[in-house]
Amino acid sequence: MIYRFLMSSEEVDDFRREITIDAEATFLDLHHIILDSVGYTKDQITSFFVCDDAWTKLTEITLIEMDTSFDEDNYIMEETHLNEGLEEEGQKLMYVFDYLTERAFYMELKEIIPGKNQEKAICTKSVGNPPVQLLSIDEVDPVPGASNGLDESFYGDEEYDPEELDEEGFEGLGPVGGNPYDDDSF
């Protein structure tokens, strides 16, 4: 059985890739053909996420084994076959290629071709240039209207007065403003 995937990016409107791959290939095989098709280096941590129709992440398949709790299943690309997580046309995958900024390609299983096998994954169509592989944190556009949480309430009240500090409960710690290392116990 052969799977035909369509891949796109939110960052570049005219970017598309079509990939065909055997259903019994591993997610690692899919990872390699994706990187080859876009010309990215293979030295970054990446993950696939099987998603629902609204692109909500359901199951993660990682490039390397991650320390996770025993309550969760741990899927690794090299050991997980495509047909284990993908069974019907229309299923969605997210391929996170830049972990630091959570940038990803969006993939959809467009067609399942039964009765055929394919020895090697192939990029059958390539349109447009992919986004750059890595961005620095400074280059990432914040979500409009979102707060990064670093306002005055993060650092404390601007009107903080150290005289308001109640000295009760601090007995034995030395005088306020004194050097705690002057005590003979040090």
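Residues numbered from 1 in each chain as written. Predicted model: local features only at pLDDT ≥ 70, side-chain atom pairs only at ≥ 80, totals over all residues. Heavy atoms only, no water.

Novice: An account of the overall build of the protein chain is requested, with residue identities and associated values reported.
Specialist: Across its full length, the protein chain holds 3 helices and 8 strands. Counting only residues that meet the buried cut, the protein chain has 32% of its 186 residues in that class. Here the analysis covers contacts within the protein chain between residues at least 6 apart in sequence; of these, 62% occur between residues at least 24 apart. Here the protein chain has roughly 12,800 Å² of accessible surface; of this, 48% comes from carbon and sulfur atoms. (Helix = DSSP H or I, 4+ residues; strand = E, 2+ residues; numbered from the N terminus. Buried < 20%, exposed > 50% of the residue type's maximum accessible area, 1.4 Å probe, protein only. Contact = heavy atoms within 4.5 Å. Areas by Shrake-Rupley, 256 points an atom, 1.4 Å probe, with all protein chains shown as cover.)

Novice: Could you give me a rundown of the confidence of the model for the protein chain, with the residues and numbers involved?
Specialist: Taken as a whole, the protein chain shows an average pLDDT of 80; of its residues, 69% reach a score of 70 or greater. The low-confidence segment residues 143–155, where pLDDT is below 50, has 4 contacts with residues more than four positions distant or belonging to other chains. (pLDDT = per-residue confidence, 0-100.)

Novice: Account for the packing of aromatic side chains, with residues named and values stated.
Specialist: Counting across every chain of the model gives 9 aromatic pairs. Consider the rings of Tyr3 and Phe5, whose centres lie 6.1 Å apart with planes at 90°: the pair is edge-to-face. For the pair Tyr3 and Phe5, one class covers both residues: buried. Directly above the aromatic system of Phe49 lies the positively charged group of Lys57, at a separation of 4.5 Å from the ring centroid. (Phe/Tyr/Trp six-rings, centres within 6.5 Å; stacked < 30°, edge-to-face > 60°. Lys NZ or Arg CZ within 6 Å of the ring centre and 35° of its normal.)

Novice: I'd like to hear about the nonpolar core, residue by residue, with values.
Specialist: Residues Phe5, Leu30 and Phe48 are the most contacted members of the largest nonpolar core, which totals 32 residues. Those elements that provide at least two residues to this core are β1 (2–9), β2 (16–22), α1 (27–38), β3 (47–51), β6 (92–98) and β7 (103–113). A total of 7 residues in this core trace back to one element, the largest contributor, which is α1. Once you skip the residues sitting within four places of it in the chain, Phe48 turns out to touch Phe27, Leu30, His31, Ile34, Thr59, Glu60, Ile61, Met77, Leu93, Met94, Tyr95 and Met107. Core analysis: the second largest hydrophobic core is formed by 6 residues, Phe49, Cys51, Met94 and Ala104 among them. (Core = buried A, V, L, I, M, F, W, Y, C linked by side-chain atoms within 4.5 Å.)

Novice: Describe α1, naming the residues involved and giving the relevant values.
Specialist: Helix length check: α1, at 12 residues, gives a terminal C-alpha distance of 17 Å against a target of 16 Å (1.5 Å per residue), a fit within 8%. With respect to burial, α1 is a largely interior element, 9 of its 12 residues being buried. Among the residues making up α1, those that are buried are Phe27, Leu28, Leu30, His31, Ile33, Ile34, Leu35, Ser37 and Val38. Backbone geometry just downstream of α1 places Gly39 in the positive-phi region, at approximately 75°. (Expected span 1.5 Å × (residues − 1).)

Novice: Quick rundown of the sheet that holds β6? Include the residues and the values.
Specialist: One open sheet accounts for 8 strands, arranged β5-β4-β3-β6-β7-β1-β2-β8; its pairing is mixed. Strand pairing shows two members of the sheet lacking a second neighbour, β5 (75–76) and β8 (122–127), which therefore form its edges. In this sheet, β6 lies alongside β3 in antiparallel orientation, the contact comprising 5 bridges. Note on β6: the bridge partner recorded for Cys51 is Lys92. The strands that α1 touches are β1, β2, β3, β4 (57–62), β6, β7 and β8; relative to β2, the one it contacts most, it runs at about 150°. (Pairing = 2+ DSSP bridges. Axes fitted to C-alpha atoms, helices over the stretch in contact; angles between N-to-C directions.)

Novice: Give me the pairing of β3: which residues, what numbers.
Specialist: Of all 5 residues that make up β3, 5 are buried, and the element is covered over most of its length. Alternating positions in β3 separate into two faces, Ser47, Phe49 and Cys51 on one and Phe48 and Val50 on the other, with burial throughout. Sheet analysis places β3 next to β4, joined by 5 bridges and oriented antiparallel. Counterpart to Phe49 in the pairing with β4 is Glu60. Between the end of β3 and the start of β4, which pair antiparallel, lie 5 residues, with Trp55 showing a positive phi angle near 70°.

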